[in-house]
Amino acid sequence: EMERDLEEKRGERDEQERQLEVVENQKSDTIATLTSVLQTAQNELDYTVNRLGTAESERLDGIAQLEASKQRVEELKSSIGNDRKKAEEEIANRIASFQKLEKMYWAKEEPLNSQLGHLG
């Protein structure tokens, strides 16, 4: 009976570790996606700057596009910063609750282990 409880607790702990790994992978994916979005915006900005230099006749139009692109890059940077912060807070919260569960798990398992030690 105790052996089965022990196995069950270990299974729960393994499952929690798997869930934590999934969350960490999601965080990495999110940051990779956000970085890619920022890079795209930066490329658009570079393109606009280059295009601005090619024809003086497009100068005013180019400046308007450049300003719009700069603004878009700044908005994206700010948005990415917020999303990254949210993702990191979410991870920190999950890790904290995982650690709390782990402490509870070990607190429960300790008396079992010492009992099993006396039996063996």
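Residues numbered from 1 in each chain as written. Predicted model: local features only at pLDDT ≥ 70, side-chain atom pairs only at ≥ 80, totals over all residues. Heavy atoms only, no water.

### Description of the overall build of the protein chain
Put simply, the test is: In this text, helices come from DSSP runs of H or I with a minimum length of four residues, and strands from runs of E with a minimum of two, each type numbered from the N-terminal end. Here the radius of gyration uses the C-alpha set of atoms, whereas the globule reference equals 2.2 Å times the residue count to the power 0.38. In this analysis, two residues are considered to be in contact whenever any of their non-hydrogen atoms come within 4.5 Å of each other.
A count of helices and strands for the protein chain gives two helices and zero strands. Scaling as 2.2 N^0.38, a compact globule of 120 residues should have a C-alpha radius of gyration of about 14 Å, whereas the protein chain reaches 26 Å, well beyond that. Each principal axis of the C-alpha distribution contributes one length, and for the protein chain these read about 90 × 15 × 15 Å. Within the protein chain, counting contacts between residues at least 6 apart in sequence, those at least 24 apart form 78% of the total.

### A look at the environment of Ser 69
Quick note on the threshold: Only protein chains enter the calculation, and the probe is 1.4 Å; a residue is then buried if its accessible area is under 20% of its type maximum, exposed if over 50%, and partly exposed in between.
Mapped onto the secondary structure, Ser 69 falls in helix H2 (residues 59-119). Exposure remark for Ser 69: the relative accessible area of 13% places this residue in the buried category. For the pair formed by Ser 69 and Asn 43, sequence separation is 26 residues and the distance between their alpha carbons is 9.8 Å. Excluding residues within four positions of it along the chain, Ser 69 makes contact with Glu 44, Leu 45 and Thr 48.

### Some thoughts on the packing of aromatic side chains
Put simply, the test is: Pairing of aromatic side chains here covers Phe, Tyr and the six-membered ring of Trp, requires ring centres within 6.5 Å, and sorts the geometry by plane angle: under 30 degrees stacked, over 60 edge-to-face, intermediate tilted.
Per the stated rule, a full pass over the model turns up one aromatic pair. Taken together, a centroid distance of 4.9 Å and an interplanar angle of 70 degrees make the contact between Tyr 105 and Trp 106 edge-to-face. Accessibility expressed as a relative area gives 7% for Tyr 105, which makes it buried. Here Trp 106 falls in the partly exposed class, since its relative accessible area comes to 39%.

### Notes on the nonpolar core
Here is the rule: Buried Ala, Val, Leu, Ile, Met, Phe, Trp, Tyr and Cys residues form a nonpolar core when they are joined through side-chain atoms within 4.5 Å.
Judged by nonpolar contacts, Ala 41, Leu 45, Leu 66, Val 73 and Leu 76 together constitute the single largest core of five residues. Looking at this core, the elements that each hand over two or more residues are helix H1 (2-54) and H2. Top contributing element to this core by residue count: H2, with three residues. With sequence-adjacent residues up to four places away left out, Leu 45 is seen in contact with Leu 66, Ser 69, Lys 70 and Val 73.

### Things to note about the pattern of salt bridges
The test is simple: Counted as salt bridges are all cases of a side-chain nitrogen of Lys or Arg within 4 Å of a carboxyl oxygen of Asp or Glu.
Evaluated as defined, the whole model comprises eight salt bridges. For the salt bridge of Glu 15 with Arg 18, the shortest nitrogen-to-oxygen distance reads 2.8 Å. Of this pair, Glu 15 and Arg 18 are both found in helix H1, three residues apart, which corresponds to roughly one turn of the helix. Exposure remark for Glu 15: the relative accessible area of 33% places this residue in the partly exposed category. Across the pair Lys 86 and Asp 83 runs a salt bridge whose closest N-O atoms are separated by 4.0 Å. Here the residue Lys 86 and the residue Asp 83 both occupy positions in helix H2, the gap between them amounting to three residues, near one helical turn. When salt bridges that share partners are traced, they join Arg 13, Glu 17 and Glu 102 into one network.

### Thoughts on the environment of Glu 44
Position of Glu 44 relative to the elements: it lies in helix H1. Once the C-alpha coordinates of Glu 44 and Gln 65 are considered, the two residues, 21 residues apart in sequence, prove to be 9.8 Å apart. Glu 44 has contacts with Ser 69 and Arg 72, leaving out every residue within four places of it along the chain.

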